[in-house]
There are 2 protein chains.
Amino acid sequence: MSLSFAILGDGAWGTAVALLLAGRTDHRVALWSARAENGRILKDRRENVRLLPGVPIPQSVLLSTDIAEVVSGADLIIAAIPTVYLRATLKAVAGAVSPSLPVVSLAKGLEMGTFCRPTVILEEVLESRRLAVLSGPSHAEEVSRGLPATVVAASADPELALWIQRCFSTDRFRVYTSSDVVGVELAGALKNIMGIAAGIADGLALGDNAKSALLTRSLVEMARFGVALGAAHATFFGLAGLGDLITTCISPHGRNRHVGYRLGRGEKLAEILSGMSMVAEGIYTTRSVHAKAAQMGLDMPITTEVYRVLYEDKDPLTAVSDLMLRDPKHETSV
Amino acid sequence: MSLSFAILGDGAWGTAVALLLAGRTDHRVALWSARAENGRILKDRRENVRLLPGVPIPQSVLLSTDIAEVVSGADLIIAAIPTVYLRATLKAVAGAVSPSLPVVSLAKGLEMGTFCRPTVILEEVLESRRLAVLSGPSHAEEVSRGLPATVVAASADPELALWIQRCFSTDRFRVYTSSDVVGVELAGALKNIMGIAAGIADGLALGDNAKSALLTRSLVEMARFGVALGAAHATFFGLAGLGDLITTCISPHGRNRHVGYRLGRGEKLAEILSGMSMVAEGIYTTRSVHAKAAQMGLDMPITTEVYRVLYEDKDPLTAVSDLMLRDPKHETSV
C-alpha cells in the first residue's frame with residue numbers, strides 16, 4: 001500500500017527528507033513552502049538552489065505553497081520548520097491540518113521566552129496527539145547526496161516510533177527508535193551551546209586533547225540538565241546527543257562552531273553577528289539554558305563560560321583557564 | 001615536602017609526563033631509558049629528537065639508563081612502556097623496584113595471547129599492590145607544548161587516585177579521579193579498533209554524519225564489551241572512553257586511523273604494514289577482542305566488520321553497507 005507524506009518547510013533538511021522518502025516508489029511525497037517566492041523558485045528549478053545546490057528534486061515530489069493540497073490524503077505530517085518560526089507558521093496553517101494525523105518534528109531548538117520544545121509547540125498549535133521527533137547527526141547536504149546517516153526516531157507511542165523507523169529506513173539511512181522525546185529534543189538544542197564552546201577551543205588553537213575533553217564534559221553537562229528536566233540519561237550518549245554533538249563540533253560548516261571560532265580568534269559578538277545572514281541558534285539557547293540552570297540550581301560550567309564570553313565580554317582564554325582550574329573532581333560525579 | 005617520580009620509558013608520552021611533572025619546583029623527576037642508545041642521545045641532546053622534536057628537557061630532569069639511580073628515593077613509579085614490550089621490560093628491572101611503591105600505568109592496549117591489561121602485568125611482574133592508571137585524550141605532542149588536556153586517574157585505592165590527581169594537576173592539565181581501573185584500561189585498548197573503523201569511513205569519504213554515528217555506536221559496543229568484563233558502564237562515556245575515542249578518530253596523526261584510511265582508499269593490509277615503521281595496536285586488538293567477544297557471545301558488529309576487512313579481505317564499502325543494513329533496533333538496546 002502506498003503512503004503519503006506531507007513535509008511542511010522547504011529548508012535544507014525538509015528538502016533532503018523529501019528526497020529520502022521519495023526514493024521509494026510506494027511513497028507519495030509533498031513539500032510545502034511557507035513563502036510564495038521560495039515555492040515558485042523551487043517549482044521552476046526543481047532544485048533548492050540556495051541551500052542544496054546541484055541536487056535535483058524528482059518530478060514525483062509535489063511542490064506546493066497550497067497547504068490543503070500538500071496535506072490532502074497525508075498519512076504523516078513532517079514538520080521541518082525552524083523552531084524560531086514554528087509557532088507562527090503553524091498558526092497560519094493549523095486549520096488545514098487534522099489533529100488526528102501523526103506528526104514527526106525535525107526541528108532543533110527551544111522557543112525563546114517560553115522554553116517550549118518543538119513537539120510541545122506542535123501539540124499546542126495543531127492539537128496533535130500522536131507526536132514524534134527525528135534527530136541525530138544528519139547534515140542535509142550529505143543525506144541529499146546519498147551519504148549514509150544514522151538517526152533516532154523518538155515517540156511516547158512505541159508503535160509510531162516503529163512505523164517512522166520503517167518509513168524512513170533505507171540502505172543508507174538507518175533509524176533507531178527511542179521513547180525519550182524530551183531527551184532527544186533537549187539534546188538537539190543543547191548541543192548548539194557546545195558547538196560554540198568547541199569553536200572557541202578551535203579559535204584558540206587548543207588542540208585535539210582539549211577539544212575531545214570539552215566534548216566529553218559537554219555531554220555530562222547536557223545530560224545533567226536534561227535529566228533534571230525529565231529526560232533519560234542514556235539519550236545524551238546516543239545519536240541525538242553524542243552523535244549530533246560530534247558533527248556539530250567537528251564539521252567546519254556548523255554555524256554555531258563558526259561563531260565560537262571567531263570569538264576564539266578575538267572578534268566581538270556584535271561584529272560577528274553583523275556579517276552573518278543565518279541564525280546560530282546556540283547564541284539564544286545559551287541565554288535560555290543559562291537562565292533555566294540558574295533557576296534550577298544546576299552546575300553548568302561550560303554553558304556558564306560560553307554565556308560570559310557571549311554576553312559579558314569575557315576573554316575566551318580566561319574562560320578556558322577558569323574551566324581548567326575548577327576544583328578537581330571525581331569523574332562520575334554528575 | 002618534595003616528591004620524587006621515576007618514569008620508566010622514554011617514549012613520547014613518558015617524556016611529556018616528565019616535562020609536565022618537572023614543571024613544579026617541589027618535584028624531582030627521573031626518566032629511565034630502556035635502550036642505552038636512546039638514553040645516550042636523550043642525555044646528549046636533552047630533547048626527544050625523534051618523538052618530541054623542538055621541546056627541550058630541563059636540566060632538573062634526571063635522564064638515565066640506570067634503573068637503580070632512577071628509582072632511588074622514588075615516591076611513585078610511572079610505567080610509560082608500550083603494552084607490547086611491558087612484560088619483558090619489567091622483568092629486566094623488577095629486582096630494582098620495591099613492590100611497596102605505588103605504580104601508575106600510562107600504557108594502552110592488551111597483551112597478545114594472555115589478554116592481560118597493563119596493570120595486571122605490573123602486578124604480576126613487579127608484585128605491586130598499589131596500582132593506578134592515567135588515561136584520556138592526551139597526545140604527547142600537545143601536552144609537551146603546554147596545551148590543555150583533561151584526563152582520568154583510576155585506582156581501586158581512592159587515596160592513591162586522589163594523590164595522583166594532586167601530583168599531576170596543573171593549570172593546563174586537569175585530572176579527574178575514578179575507581180574503575182578495568183574500564184579505563186579496556187577503553188584505552190578498544191578505542192584503537194574504532195580508530196581503524198573511523199579511518200575506513202574517512203577513506204571512503206562517507207562524511208560527518210556517518211563518522212559521528214560510527215563513534216556513537218562504537219562507544220555502545222565498547223561499553224557492552226567492557227561491562228561484560230567487569231567494567232563500569234559510565235567509564236566508557238568519560239574521558240578514557242569517549243574523550244580518547246574522539247581524539248583517536250579525529251586526529252589526522254593517529255596510526256590506527258591512518259591504517260583504516262588507507263584500507264578505505266582500497267589498499268591491502270600487507271601493503272600498508274610493509275611501509276609503516278610504528279605499530280598500530282588496533283590491528284592486534286581487533287583480533288584479540290573479536291575472539292574474546294565470540295567466546296563470550298557478545299554482539300560486536302563494528303569490531304566484526306573491522307576484523308573482516310583486516311583479516312578476511314572484505315571490501316570496506318561492503319562492510320559499511322552490512323553495518324547499515326542490520327535489523328533496525330531500539331536505540332537503548334545494549
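Since the structure is predicted, the reported quantities are computational estimates derived from the model, not experimental observations. (Residues numbered from 1 in each chain as written. Chains lettered and ligands numbered in written order. Predicted model: local features only at pLDDT ≥ 70, side-chain atom pairs only at ≥ 80, totals over all residues. Heavy atoms only, no water.)

A few points about the overall build of chain A
Definition in use: In DSSP terms, a helix is any run of H or I states spanning at least four residues, a strand is any run of E spanning at least two, and both are numbered starting from the N terminus. Contact definition: two residues touch when any of their heavy atoms are within 4.5 Å. Under this rule, positive means Lys or Arg and negative means Asp or Glu; His and the chain ends count for nothing. Charge coordinates come from a single atom per side chain, which is NZ of Lys, CZ of Arg, CG of Asp or CD of Glu.
Broken down by element type, chain A carries 15 helices and 8 strands. Each principal axis of the C-alpha distribution contributes one length, and for chain A these read about 60 × 40 × 35 Å. Of all intrachain contacts in chain A linking residues separated by at least 6 positions in sequence, the fraction that spans at least 24 positions is 72%. Here chain A contributes 33 positively and 34 negatively charged side chains, and the mean placements of these two sets differ by 2 Å.

Focus: the environment of B:A140
As for its placement among the helices and strands, B:A140 is situated in helix α6 (residues 140–144). Setting aside residues no more than four positions away along its own chain, B:A140 makes contact with B:A12, B:W13, B:A16 and B:L52.

Let's talk about helix α13 (residues 282–296) of chain B
Residues and elements named next belong to chain B. This is how it is decided: The length a helix should cover is 1.5 Å for every residue beyond the first. The buried label applies to any residue whose accessible area, calculated with a 1.4 Å probe on protein chains only, is under 20% of its type's maximum; exposed applies above 50%, and partly exposed to all values in between.
Here α13 spans 20 Å end to end across 15 residues, near enough to the 21 Å set by a 1.5 Å rise per residue. All buried positions along α13 are accounted for by G282, I283, T285, T286, S288, V289 and A293. Packing partners of the buried residues in α13 comprise α8 (181–203), α9 (208–228), α11 (255–264), α12 (269–274) and α14 (301–311). Positive backbone phi, approximately 70°, marks G297, located one or two places after α13.

As for the domain arrangement of chain A
Residues and elements named next belong to chain A. Selection rule: The split of the chain into domains comes from an automatic or database domain assignment. In short, buried area is how much 1.4 Å probe accessible area vanishes from two parts on joining, totalled over both. Any Lys or Arg side-chain nitrogen located within 4 Å of an Asp or Glu carboxyl oxygen qualifies as a salt bridge.
Taken domain by domain, chain A holds domain 1 (3–179) and domain 2 (182–324). A separation of 26 Å is found between the C-alpha centroids of domain 1 and domain 2. Of the residues lining the interface, 22 residues belong to domain 1; the matching set on domain 2 comes to 23 residues. Carbon and sulfur atoms supply 69% of the area that domain 1 and domain 2 bury against each other, a total of about 1,900 Å² over both sides. For the interface between domain 1 and domain 2, the tally reads 2 salt bridges. A salt bridge links K108 to D244; its shortest N-O distance comes to 2.8 Å. Mapped onto the side of domain 1 that touches domain 2, the elements with two or more residues apiece are α5 (118–126), β6 (131–135), β7 (149–155) and β8 (173–178).

Quick notes on the interface of chain A and chain B
What counts, and what does not: Whenever a nitrogen or oxygen atom comes within 3.5 Å of another N or O atom, the pair is scored as a polar contact, on the condition that within protein one atom can donate a hydrogen and the other can accept it, and that pairs from neighbouring residues in sequence are kept only if both atoms are in side chains.
Counting residues at the interface gives 53 residues for chain A, matched by 53 residues for chain B. Per-residue buried area on chain A facing chain B is highest for A:R174, A:N209 and A:M324; these three make up 17% of the total on that side. Along the contact surface separating chain A from chain B lie 0 salt bridges. Where chain A touches chain B, the interface holds 22 residue pairs in polar contact (both at pLDDT 80 or more).

Thoughts on the sheet that holds strand β4 (residues 76–79) of chain B
All names here are of chain B. To keep things clear, this is the line we draw: Strands pair, by our definition, only if DSSP identifies at least two bridges between them. All axes here are fitted lines through C-alpha atoms, helices being fitted over the stretch that makes contact, and every angle between N-to-C directions spans 0 to 180 degrees.
Spatially, 8 strands are ordered β3-β2-β1-β4-β5-β6-β7-β8 in an open sheet, and the strand pairing comes out mixed. The open sheet has two free edges, formed respectively by β3 (61–64) and β8 (173–178), since each of these has just one partner strand. Each neighbouring strand pair of the sheet contributes to a mean axis angle of 25°, computed without reference to strand direction. Those strands touched by helix α10 (residues 239–250) are β6 (131–135), β7 (149–155) and β8, and its axis lies near 145° from that of β7.

Examining the nonpolar core
Applicable threshold: Residues enter a nonpolar core if they are buried and are Ala, Val, Leu, Ile, Met, Phe, Trp, Tyr or Cys, with the set joined through side-chain atoms within 4.5 Å.
One finds A:F236, A:L263, B:F236 and B:L263 to be the most contacted residues of the largest nonpolar core, which totals 93 residues. Filtering out sequence-adjacent residues up to four positions away, B:L263 remains in contact with B:I196, B:I200, B:K268, B:L269, B:I272, B:V309, B:L310 and B:P316.

Focus: the packing of aromatic side chains
Counted only if it meets this: Only the six-membered ring of Trp is used, alongside the rings of Phe and Tyr, when aromatic pairs are assigned; centres must lie within 6.5 Å, and planes under 30 degrees apart are stacked while those over 60 apart are edge-to-face, with the rest tilted. For a Lys NZ or an Arg CZ to count as sitting over a ring, it must be within 6 Å of the ring centre and within 35 degrees of the ring normal.
Within the structure shown, the criterion is met by 5 aromatic pairs over all chains. Seen from their ring centres, A:F237 and B:F237 are 5.0 Å apart, and the 70° between their planes marks the pair as edge-to-face. In this pair, A:F237 is assigned in the loop between α9 (208–228) and α10 (239–250) and B:F237 in the loop between α9 and α10, connecting two distinct chains. The exposure class of B:F237 is buried, given its relative accessible area of 8%. In this arrangement the basic side chain of A:K292 is found over the ring face of A:F115, its NZ or CZ atom lying 4.8 Å from the centre.

Side note on the relation of the copies chain A and chain B
The cut-off we apply is this: Superposition of the copies was done by least squares, using only C-alpha atoms of residues whose pLDDT is at least 70 in both.
Overlaying chain A on chain B yields an RMSD of 0.0 Å, the required transformation being a rotation through 180° with an accompanying axial translation of 0.0 Å. In short, the pair behaves as if placed about a two-fold rotation axis. Taking the C-alpha atom as reference, chain A places A:F237 closest to the rotation axis, 3.7 Å from it. With an isologous cut-off of 70% or more, the 100% of interface residues of chain A that recur at the interface of chain B puts this contact in the isologous class.

Concerning the sheet that holds β8(A)
All names here are of chain A. A sheet is described by the order of its strands in space; here 8 strands give the open sequence β3-β2-β1-β4-β5-β6-β7-β8, paired in mixed fashion. Since the sheet does not close on itself, it has two edges, and those belong to β3 (61–64) and β8, each with one partner. Each neighbouring strand pair of the sheet contributes to a mean axis angle of 25°, computed without reference to strand direction. In the packing of helix α1 (residues 12–22) onto the sheet, the strands contacted are β1 (3–8), β2 (27–32), β3, β4 (76–79) and β8, and the crossing angle to β2 comes to about 165°.

Some thoughts on the pattern of salt bridges
Under the criterion given, the structure shown has 32 salt bridges over all chains. The network of salt bridges with common partners includes A:E305, A:R308, A:K314 and A:D322.

Structural notes on the pairing of β2(A)
Residue and element names in this part refer to chain A. Counted residue by residue, β2 has 5 buried out of 6 residues, so it is predominantly covered. Inspection of the sheet shows β2 paired to β3 by 4 bridges, in the parallel sense. Pairing of W32 across the sheet is with S64, part of β3.

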